[in-house]
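Geometric and topological summary
Below are the chains, spelled out letter by letter.
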Amino acid sequence: MEKFAILAQLTAKPGKENEVEAFLKSALPLANQETGTTTWFALKIGPSVFGIFDTFSDEAARQAHLAGPIASALMAKASELLAAPPDIKMVDVLAAKLPD
(Lines give C-alpha, C1' and ligand atoms only; values in the text may rest on other atoms or scores of the structure.)
Protein backbone atom coordinates (compact mmCIF):
# COMPACT_ATOMS: atom_id res chain seq x y z
CA MET A 1 0.00 0.00 0.00
CA GLU A 2 1.21 3.49 -0.84
CA LYS A 3 1.39 5.70 2.24
CA PHE A 4 2.37 9.04 0.68
CA ALA A 5 -0.41 11.15 -0.86
CA ILE A 6 -1.57 14.61 -1.86
CA LEU A 7 -5.08 15.94 -1.46
CA ALA A 8 -5.74 19.17 -3.33
CA GLN A 9 -8.96 21.17 -3.48
CA LEU A 10 -9.60 23.66 -6.28
CA THR A 11 -12.44 26.18 -6.39
CA ALA A 12 -13.26 27.48 -9.86
CA LYS A 13 -14.03 31.11 -10.54
CA PRO A 14 -17.66 31.67 -11.54
CA GLY A 15 -18.03 30.70 -15.18
CA LYS A 16 -14.72 28.78 -15.25
CA GLU A 17 -16.06 25.44 -13.98
CA ASN A 18 -15.99 23.74 -17.40
CA GLU A 19 -12.44 24.94 -18.01
CA VAL A 20 -11.23 23.58 -14.66
CA GLU A 21 -12.91 20.25 -15.39
CA ALA A 22 -11.33 20.13 -18.86
CA PHE A 23 -7.93 21.02 -17.42
CA LEU A 24 -8.12 18.19 -14.89
CA LYS A 25 -9.18 15.67 -17.52
CA SER A 26 -6.34 16.80 -19.79
CA ALA A 27 -3.78 16.16 -17.02
CA LEU A 28 -4.36 12.38 -16.99
CA PRO A 29 -1.77 11.60 -19.71
CA LEU A 30 0.82 13.58 -17.74
CA ALA A 31 -0.01 11.64 -14.56
CA ASN A 32 0.31 8.39 -16.50
CA GLN A 33 3.88 9.35 -17.46
CA GLU A 34 4.97 9.88 -13.85
CA THR A 35 6.64 6.64 -12.76
CA GLY A 36 6.47 7.54 -9.05
CA THR A 37 2.77 8.42 -9.11
CA THR A 38 0.94 5.22 -8.21
CA THR A 39 -2.65 6.49 -8.40
CA TRP A 40 -4.10 9.80 -9.61
CA PHE A 41 -7.72 10.88 -9.34
CA ALA A 42 -9.36 14.09 -10.57
CA LEU A 43 -12.58 14.78 -8.64
CA LYS A 44 -15.66 16.96 -8.92
CA ILE A 45 -16.79 17.67 -5.36
CA GLY A 46 -19.49 20.22 -6.12
CA PRO A 47 -20.61 22.56 -8.91
CA SER A 48 -17.48 24.73 -8.62
CA VAL A 49 -15.26 22.64 -6.33
CA PHE A 50 -12.80 20.11 -7.71
CA GLY A 51 -10.06 17.98 -6.26
CA ILE A 52 -7.03 15.88 -6.99
CA PHE A 53 -6.01 12.87 -4.93
CA ASP A 54 -2.86 11.00 -5.76
CA THR A 55 -0.57 8.50 -4.08
CA PHE A 56 3.15 7.89 -4.36
CA SER A 57 5.70 5.20 -3.70
CA ASP A 58 7.79 7.45 -1.43
CA GLU A 59 8.39 11.05 -0.38
CA ALA A 60 10.79 11.64 -3.28
CA ALA A 61 8.07 10.68 -5.78
CA ARG A 62 5.59 12.99 -4.04
CA GLN A 63 8.06 15.88 -4.25
CA ALA A 64 8.82 15.08 -7.90
CA HIS A 65 5.11 15.28 -8.65
CA LEU A 66 4.85 18.68 -6.92
CA ALA A 67 7.71 19.93 -9.11
CA GLY A 68 6.35 18.26 -12.26
CA PRO A 69 4.32 19.30 -15.29
CA ILE A 70 0.82 18.98 -13.76
CA ALA A 71 1.62 21.26 -10.82
CA SER A 72 3.43 23.70 -13.12
CA ALA A 73 0.50 23.86 -15.54
CA LEU A 74 -1.98 24.27 -12.68
CA MET A 75 -0.05 27.12 -11.11
CA ALA A 76 0.30 28.83 -14.51
CA LYS A 77 -3.51 28.76 -14.93
CA ALA A 78 -4.48 29.28 -11.27
CA SER A 79 -5.11 33.04 -11.39
CA GLU A 80 -7.20 32.65 -14.55
CA LEU A 81 -9.30 29.66 -13.46
CA LEU A 82 -9.41 29.54 -9.66
CA ALA A 83 -11.23 31.71 -7.12
CA ALA A 84 -8.48 31.05 -4.55
CA PRO A 85 -5.07 29.39 -4.52
CA PRO A 86 -5.24 25.58 -4.55
CA ASP A 87 -5.55 24.08 -1.07
CA ILE A 88 -2.82 21.42 -1.20
CA LYS A 89 -2.28 19.05 1.70
CA MET A 90 0.37 16.38 2.15
CA VAL A 91 -1.50 13.43 3.64
CA ASP A 92 -0.68 9.89 4.70
CA VAL A 93 -2.86 6.98 3.67
CA LEU A 94 -3.74 4.89 6.75
CA ALA A 95 -5.66 2.11 4.98
CA ALA A 96 -6.83 1.36 1.45
CA LYS A 97 -8.76 -1.16 -0.60
CA LEU A 98 -7.09 -1.63 -3.96
CA PRO A 99 -7.80 -3.99 -6.84
CA ASP A 100 -5.86 -7.25 -6.87
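Structure first, text after, so check above.
The structure displayed is predicted, hence computed values, not measured ones.

**Examining the nonpolar core**
Side chains of a nonpolar character, in soluble globular proteins, are inclined to be buried together. Core analysis: the biggest nonpolar cluster contains 16 residues, and Leu 10, Val 20, Leu 24, Trp 40, Phe 50, Ile 52 and Leu 82 have the highest contact counts within it. Taken together, the elements giving at least two residues each to this core come down to strand E1 (4-11), helix H1 (17-26), strand E3 (49-56) and helix H4 (69-81). Sorting elements by how many residues they give to this core places H4 first, with four residues. Beyond its immediate chain neighbours, meaning those up to four positions away, Leu 10 contacts Leu 24, Ser 48, Val 49, Phe 50, Ile 52, Leu 74, Leu 82 and Pro 86.

**Quick word on the pattern of salt bridges**
If you walk through the whole model with that rule in mind, you get six salt bridges. The shortest N-O distance in the salt bridge between Lys 16 and Glu 19 comes to 3.4 Å. Owing to a relative accessible area of 23%, Lys 16 belongs among the partly exposed residues under this scheme. In this structure, the salt-bridge partner of Glu 59 is Arg 62, at a minimum N-O distance of 2.5 Å.

**Here we look at empty space enclosed by the protein**
Evaluated as defined, the whole model comprises one cavity of 30 Å³ or more. In this structure, the largest cavity spans a volume of roughly 30 Å³. When residues of the lining of the largest cavity are traced back to their parent elements, those giving at least two are H1 and H4. Element by element, the count of residues in the lining of the largest cavity is highest for H4, at four residues. Of the residues belonging to the lining of the largest cavity, the class tally is seven nonpolar, no polar and one charged.

Calculation notes
- Once a new chain begins, its residue numbering starts again from 1 and follows that chain's sequence as written.
- Only residues with pLDDT of at least 70 are given local features in this predicted model, and only at 80 or more are side-chain atom pairs given and counted; all residues enter the totals for whole chains, interfaces and linings.
- Each side-chain value is derived from all of the structure's non-hydrogen atoms; neither hydrogens nor water enter the calculation.
- Definition of nonpolar core: a set of buried residues of the types Ala, Val, Leu, Ile, Met, Phe, Trp, Tyr and Cys, connected through side-chain atoms within 4.5 Å.
- Under the scheme applied here, a residue whose accessible area is under 20% of the maximum for its type counts as buried, over 50% as exposed, and between as partly exposed, the area being computed with a 1.4 Å probe on protein chains only.
- In this text, helices come from DSSP runs of H or I with a minimum length of four residues, and strands from runs of E with a minimum of two, each type numbered from the N-terminal end.
- Here a residue-residue contact requires only that any non-hydrogen atoms of the pair lie within 4.5 Å.
- We define a salt bridge as a side-chain nitrogen of Lys or Arg found within 4 Å of a carboxyl oxygen belonging to Asp or Glu.
- A 1.4 Å probe that fits into a set of points on a 1 Å grid over the protein atoms alone but cannot get out defines a cavity; an open set with protein on both sides within 12 Å along at least five of seven lines defines a pocket, and lining residues are those with an atom within 4 Å of a point.
- Grid points are joined across faces, edges and corners, and a volume is the space filled by probe spheres set on the points.
- Each residue receives one of three labels: charged for Asp, Glu, Lys and Arg, nonpolar for Ala, Val, Leu, Ile, Met, Phe, Trp, Tyr, Cys and Pro, and polar for the others, Gly being one of them.

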